[in-house]
Every structure is written in structure tokens, then in C-alpha cells.
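# Per-entry structural report
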Amino acid sequence: MGRLSQRDAGPSRRARPEVRSALGGRSVAGQVFVLQVVIVLLLVVAAVVALVLQVRHDSTTEARNRSVAVAQAFANAPGTREALDDPDPTAVLQPRAEAARKATGVDFIVVLNTDGIRYTHPKPNRIGKKFVGNLEPALAGHVVTEEINGTIGQLVQAIVPIKDPDGKVVGAVSAGITTAHVGGAADEQLPLLIAMAAGGLAVATAGTALVSRRLQRQTHGLGPHEMTRMYEHHDAVLHSVREGVLIADGEGRLLLVNDEAQRLLHLPADAEGRQVAELGLPPDTADLLASGRVATDEVHLVGDRLLVINQRATELEGGPAGTVATLRDSTELRALSGRAEAARERLNMLYDAGVGIGTSLDVTRTAEELAELVVPRFADFATVDLFDAVLGGGQPEAGTELRRTAFSGIRKDAPLYPVGERMRLVASAPQARALRSGQAVLESRLAESPGWRAQDLERTSQVLEFGIHSLIAVPLRAGALVLGVVNFWRSQKAEPFDTDEVALAEELVARAAVSIDNSRRYTREHTMAVTLQRSLLPRSLPEQNALDIAYRYLPAQAGVGGDWFDVLPLSGARVALVVGDVVGHGLHAAATMGRLRTAVHNFSSLDLPPDELLVLLDELVGRIDQDETQEGDSAPVTGATCLYAVYDPVSRRCTLARAGHPPPALIHPDGSVEFPDVPAGPPLGLGGLPFETVDLELAEGSRLVLYTDGLVEDRERDIDVGLELLAAALERAGETPEETCQVVLDSKLTARPSDDIALIVARTRALDPGRVAEWQVPSDPAAVGRVRADVTRQLAQWGLEDLEFTTELILSELVTNAIRYGGDHIRVRMLYDRSLICEVFDSSSTSPHLRYAAMTDEGGRGLFLVAQLADRWGTRYTPGGKVIWAEQPVP
């Protein structure tokens, strides 16, 4: 038995020395074995070094990326910046930071102020202490990543600035991971590498033994133990990592997919071996995985997940054609980014509301700007309903009707009330409730709101059929005044309005309400100023025969101003033309203009020469300035100009004087245009400076053009250029004053006038010499009888026999007074115009006055009789004396 065992054991003993010999290097198999061992050892060492370095580099890069992403998400999260202004930022931020730290897998999230003091830290005893790291680049607005020795050990950290809406850095957020965690991946993979090296050596040994045995005889090959062990390690690592891995060949066929990738992409169980395009992935993701192109951190939306994809080609390292792709789930970061984006959009909308609403002082336009701003960014339709009184500049009255003032929508055919429609709200309507309470009313689902449907059953049914399903009604409040209501309607988005959107709607309407109230106040003031100005300007021209007159008045775009004009009939068939300008706009300028116009009316009744009238007007403006300066709450007259002209149709002479006003234009009967040289004189209100007059003899049919500086002067053009353009327009004008005015305005000398424009064109007439009778009267009481006889004959020629008695009596009294008190050089003149005018000239400057004579007085009743018989009478002074005149209506 023992011999059998020894004999049977012989071959086994022989085999072992053969293997030992083969492995010992004495044979070819042994040499191959030694060479394989050396190569394997070198490869193992190189692989270990490369793996450690690559894993540590990739882990550090991943740590940096994750730290930056977490820090940026937390810095931009809603409420982070506002918490810095809180009296106790740590109480607000510490719970959020710890929750985010645990959720994102970082080791710390630290919020700090601009001085580097911590508000949050995983170790509470570190809160309030100085931050360890390079904070200066973050304070300059940059993102910083660094590796430092921090309070919790060696770590990789990112520092991200926190900015306010103006871009100013108000703090920073730091997030990071310790070095121990960074290097963990390399330590975990090192046993695998060693195991693989051992497996390689085992394979080499087995291969060498197989070669050796095959040289001797066909033996069995290497056993599957070592290969099975390597595969199990590979499979365990591949399916346990929290990153998806996909490998595809060069034709886009999926070769390998791990469990994480299958979960993230929702792949079927039989995905391996199928074309990527057949797996039901989103088109952009499928195109990337099948294309084989290189991708780095590309973000793709797959289902409800936001995946970050990296892809590299396998043939770059000498492998087979194909690609390997890795996937990371960043859905949580996406949610944070989405909330930050929504907050940013709301801030942008509020900013746009601040700069885009209220660009004009028009109530309707301001309401339209609000409606246009929110569609479609916030609502699908927006309507603004205001009280009628608000549109007119007045204060709204509760219970009155609303008028739809503005509408904006993604479509024009919405069955809502149209613009201009009047509405009387029922008490249950959301708009009525908002007006009563002064608070916004949210109707999330209009189909379930009987109060809204009660407003108009037919129309509300049409609104629901159209697809509008949600409403926010916000009252337009300006202080204690409720100006109207703004309605925000939603149709396309399935979700109804929520409470956060109500807050945004209230903020938008609050900003618009200020602008609408400002426009309402301006409208009220503008209406008052326009009403005042219209009441002060002449509504119709007086009847007279000396001039054919046409006029135009254009208010400035900025509002009413102080330009005015007047036509004033004077004694002796004469007519005065006046044009003036008060600098400025608004109620003050219009009121000052009215005072000056009234003063000119009063001064003209004294029959003063133009230069003397301007002297009185200059003194009046000076007194107005003094009075308003003493009051302290009124602005003085900042400037006033005037041009005064008197035309006499008997002599065809025109006397002009101006106080700082643009010169008049004269169109001769042949159509030629000139600007007469009238001394400018100082503007009104300077005081102490004289004015000069100019006498012009005008041919019948001449046109005198008076205007204010708004016609020829603006900010972009000098007055000389304006005068040249005016002369060119007047040369093209027709013959009538009306045609002249129209041509001047059609020439668009001022396309958008910034100042008022007053224009008056007067064509001269001459009184027929046959209607003028004149006699020299000697200073003799007996001459009175001859005057009466001459007057009787003249009236008979004119067919005015009915006026003989009153005219003889008037002239008898006036001539008798002139002989008794006026001295020599007495002259009588009668003018037959629209009325019969009797004038008595004498060389005395003594003015007669009307008085009541006593019963015992022998005289003193002459002027009383004249005043009773004539429509008007008065006295005017001449360089050689005075004229007493009286007018009688012609039958």
C-alpha cells in the first residue's frame, strides 16, 4: 500500500520541479514568465501612481465644482441677501445652511459679511469668528476656489459673493469639502488595483505554467477563480457608484449601462444591445449619446430631472470605437436656480414698472403702460378701470360708475368689457370688494365664483368659454384716494394665480397708482389753466372798419402759457393792436397774462400814445414783482414783452412801440415783405428806461403781422433763422389775413412748439375822404352858428338828417367850451364810420370833467348833455393840445 502510494506520487513530484523550473527562468517559459512579471509589476506601479493622481485630481476638481455650485445656489437663494439685513442673521441663516450642507454632501456652508465675520458654521463655536481664506476677490465680485488648512482640517472651499440688486457685494458664501473626503475615492480603489495586480500576476503565472505544461503536454488552462474575482470587483464598483455610466459603440449601440444610469434615464431592462435612438430619450440627449462627440458638463432635462452629462471617446486611449458617458443628477440645484430665476424676473418686472410707467402726464396713457407691461410676463390679459372723475383730473366719488380705460392681452378678441365701456359693479363682484376693502381680491377659479358671475351672466359665461379661469383684482390706491381697479386675468397657464403673485400684483399697482395720481393732478391743473386762459383771451373780435383781422393761437405742448393778443377800438375810428408774452407756463403765467391784458384795456381807454402806455405797463409789472416777492409764496414775473400799435384809417398812419418783443412784419400790397425798424426797448418790469415809437404810413391793403417769439424761436434755431423762414412763408401767402395765417402755420416753422404761439394779421383799410368833414373855427362865440349850419349841410349829404338835432347840440356845447377855455386854433372834424364821430381840437391841455350843476348855476351842464346824447365821449391828448370827441350810433 505504501509502495503504491509512492509510485502514484512520482509523477506529481516530477510535475512540481517542472513548474518550478519553468518559473525559475531556466527555460523559455521561465524567461517569458520573468518578463511578464516585470512588465506586470511596472504596469501595476504606473497604474497605482496614475490612478492615485488621477483620482485625487478628479476628486479635487469634483470637490471644487460641487463647492462652487452649492455656494452659488445658496448665495442666490431667495432670502439669503435679505437675511444679511436682519438684526440676527445667524438665527435666519444657520438652519438653512445646515440643511443645505446635509442635502448637498459638503462639509460646511459658511455665510459671512464683508468683514469676513462668520454668520454660520457646522461648529457653532466658530460663528462670529474670522473667516480663514482669501476673501478679497469675492469682495471684488469674483468666485474663488482654494485649498487651505481651515478650522476643520485640510479642505477645498469656494467663496461666492452675495450681491444686492444694484450689483454691490454685501456678503459672501463659502462651501467646501475636507481633504480627507476628497482623497477617499483613491483609497477605496487602491485595494481593487492591488487585487487586479495580484490577478495579473496570477494570470501571468498561470499562462506561463500553461505554456510550460503545453510544451510538455496538453494540459488544462488557467482556472476561472482569478478572472471571476476580477469581474466581481468590476461589477460591484460599476453598479454601486452614484454616477450613471453608459458605454456605446461606434454605431450608437448601447453596450453597457449601470444601475444609476438606468434609473436616471428610465431605461428598459433590455436596453443593452439596442440603439440609443430607440430608448425613448429626449431628442437632444439621444443625439448627444449617439453622436460620439466630446461633452463637458452639458445640462439636459430628462423627465423631471436635470442631468449633467460628460462624454469622451474610448478610441482616444487606443480602445475600440465608441464612447463612455457619465451622468450626474443636479435636480436640487435646478430647483434652487429656478426659484432664484423667478425672484430675478419679479425684480426685473418691478424695475421695468418703475422706469416704464408714468412716462407721460396723461392718465389714459399711464394706465395703458401698466397693462402693456404685465402682458404676457405676468398675466395673459390686463384691464384698468378708472372713475370718470379721475380721467378729468377730479377726485373719485365712491359708488359712481367705472370706465374701462386700458386693455392689453395676448389676443384681441377676449370677451371682456371693451375700452370706453362704463360699468356699474354689483356688490358681490371681486372688483367691488377690492374697492370697498382697499385690498387685493384673488379669485383662483372664476368658474367657482358666483359673486363674479353675478356681474353679467352672459358675458362671464363667454369669458369662461374663452378660457380665462383666474383673476386678481387690485384697487388703485393713492394715499386715501381709490382711483379705480386693475384686473389681471389668466387663461393659457393652467395653474391659477397664487398668493405670491397677489403680492407682486399689489406692488405693480402701487407703483402705477402714484403715476396715475400724478397724471390726474396734472390734468386737473392743466384743465384749470386752460379754462383760465380761455376766459382771459378774447373770444371774439370787436366790430370796427379800420382793419380786416385774422388770428391764431396755439398753446405749447408743455401746457398753457402767457401769450396774448387784443384788438381795441379807439376814438376817431382808430384801432389798437397789442401782442404780449409772459415767460413761463401754467396757472401763474396765465393769471399774470390776464392782469396785463386787463391793464392794457384800461390804459388804452385813456387814449395814450404807445410809448406812454408801455411806460405805465412797465411800472405795473414792477409793482407785481414787488408784491409777489414780499408775499414769499408766489413767483415773480420772470419776463414779459409787449408790442402796441395804433392804426388811424383817416391818415393811414400806424404808430408802434415795443418792449423786448420781436419786430412786426409788414406785407406791402405788391407782396413784398419787410420787418420795419421799431426800437426794441427793454422788457417790461425793468423800470426807469424809456420806450420809443415809430410812425409808419401804410398803403391801403397792407398787412401788418404781429406774433410772439414761439413762432420764430426755439432751442434748436436762432431767432434770425426763424425770421428768415417767416419772411419766406409770408411771401407765399395769399391776399387775405385768413390765408396769411394758414400759410404761416402750414409752413411748420415750429413742428412741436415748446412755447405758446400768438399770431395776428391785420389788413389795412382807409376811410373814404368823402366821409371826413373838417372845419377851422375862429375863437369867436358867433362862429358857433356857422358850425351848426355846416354840420347840417354835411349830415344832409350823408343822409343822416335824423342826427341833425343831437349833433348840432353836441358840437355847439363842445365848440363853446373850446372857445371859452381852449384858446386859439380850434378845429372841428366829423367822421362817418360805423358811428358818427364828432371831434373838437383845441390847443389847451386842460381836461374838462363831468359834474352836476346846481339849480342856481348858470353853466356846467354842457358836458352832462353831451354824455346823455352820445354813446361814448372822451378826451385824448395830442402834441398840440387835446381832442374832445363824442360818438353817436348811425340809424
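Note that the structure is a prediction, hence the values are computed from the model and not measured. (Residues numbered from 1 in each chain as written. Predicted model: local features only at pLDDT ≥ 70, side-chain atom pairs only at ≥ 80, totals over all residues. Heavy atoms only, no water.)

### Topic: the overall build of the protein chain
Defined as follows: What counts as a helix is a DSSP run of H or I of at least four residues, what counts as a strand is a run of E of at least two, and both are numbered from the N terminus. For each residue, the accessible area found with a 1.4 Å probe, counting protein chains only, is set against the maximum for its type, and the residue is called buried under 20%, exposed over 50%, and partly exposed in between. Residues are treated as being in contact if the distance between any of their heavy atoms lies within 4.5 Å. Per-residue accessibility takes into account occlusion by the displayed protein chains alone, with areas from the Shrake-Rupley method and a 1.4 Å probe.
Per the secondary structure count, the protein chain includes 24 helices and 30 strands. Out of the 891 residues in the protein chain, the part that is buried amounts to 44%. Contacts in the protein chain between residues at least 24 apart in sequence constitute 60% of all its contacts with a sequence separation of at least 6. Surface accessibility of the protein chain: about 43,900 Å² in total, with carbon and sulfur atoms responsible for 53%.

### Considerations on the nonpolar core
Convention followed: Put simply, a nonpolar core is a bunch of buried Ala, Val, Leu, Ile, Met, Phe, Trp, Tyr and Cys residues held in one set by side-chain atoms that sit within 4.5 Å of each other.
One finds Leu596, Leu617 and Tyr644 to be the most contacted residues of the largest nonpolar core, which totals 51 residues. Of all the elements, strand E19 (residues 640-648) adds the most residues to this core, at 7 residues. Non-local contacts of Leu596, meaning those with residues more than four positions away in its chain, are made with Trp564, Val582, Leu617, Leu620, Val621, Ile624 and Ala640. If you look at the next biggest cluster of nonpolar residues, it comprises 43 residues, including Val384, Phe387, Val474 and Val509.

### So, the sheet that holds strand E28 (residues 835-842)
Let me state the cut-off plainly: For two strands to pair, DSSP has to find at least two bridges joining them. Note on geometry: axes are lines fitted to C-alpha atoms, helical ones only across the stretch in contact, with angles between N-to-C directions running from 0 to 180 degrees.
Ordered by their spatial adjacency, 5 strands build an open sheet running E26-E27-E28-E30-E29, and the pairing between neighbours is antiparallel. What marks the edges here is a single partner per strand, and that holds for strand E26 (772-777) and strand E29 (872-878). Neighbour-to-neighbour, the strand axes of the sheet open up by a mean angle of 15°, direction not taken into account. Where E28 meets strand E30 (residues 881-889), 8 bridges bridge the pair, whose relative direction is antiparallel. What sits directly across from Glu839, in E30, is Trp885. Packed on one face of the sheet, helix H22 (residues 783-798) meets E26, strand E27 (826-832) and E28 and runs near 170° to E26.

### Digging into a nonpolar patch on the surface
Stated formally: Within the patch definition used here, like charges are joined within 9 Å and nonpolar side chains (Val, Leu, Ile, Met, Phe, Trp, Tyr) within 5 Å, considering only residues with over 30% relative accessible area and no salt bridge. Just to be clear on terms, a salt bridge is a Lys or Arg side-chain nitrogen sitting within 4 Å of an Asp or Glu carboxyl oxygen.
A cluster of nonpolar side chains, contributed by Val34, Val38 and Leu42, occupies part of the molecular surface with about 260 Å² of accessible area. Residue placement: Val38 occurs in helix H2 (residues 28-76). Classification of Val38 as partly exposed rests on a relative accessible area of 41%.

### Considering the sheet that holds strand E7 (residues 295-302)
Here 5 strands make up an open sheet; going across it, the order is E6-E5-E9-E8-E7 and the pairing antiparallel. Each end of this open sheet is capped by a strand with a single partner; those strands are strand E6 (254-257) and E7. Sheet twist, expressed as the mean angle between neighbouring strand axes with direction ignored, is 25°. Sheet topology places strand E8 (residues 305-313) next to strand E9 (residues 322-329); 7 bridges connect them, and they run antiparallel. Along E9, the bridge assignment pairs Gln311 with Ala325. Strand contacts of helix H10 (residues 283-291): strand E5 (244-249), E7, E8 and E9, with the helix running at about 145° to E7, the strand carrying the most contacts.

### Observations concerning the pattern of salt bridges
Across all of its chains, the model carries 41 salt bridges by this definition. Here Glu839 ties to Arg876 by a salt bridge, and the two come within 3.1 Å at their closest N and O atoms. With a gap of 37 residues between them, Glu839 in strand E28 and Arg876 in strand E29 connect regions that are remote in the sequence. Arg876 shares its class with Glu839; the two are buried.

### Observations concerning the environment of Asp88
Structurally, Asp88 is set in the loop between helix H3 (80-84) and helix H4 (89-104). With a relative accessible area of 41%, Asp88 lands in the partly exposed category. Along the chain, Asp88 and Tyr119 lie 31 residues apart, while their C-alpha atoms are 9.0 Å from each other.

### Quick look at unusual backbone geometry
In the segment running from Val375 into Pro376, the intervening peptide bond is cis, with an omega of 0°. By secondary structure assignment, the location of Pro376 is in the loop between helix H12 (363-374) and strand E10 (381-387). Despite not being glycine, Asp297 has its phi angle at roughly 50°, a positive value. Residues other than glycine seldom take positive phi values, yet Arg652 does so here, at roughly 55°.

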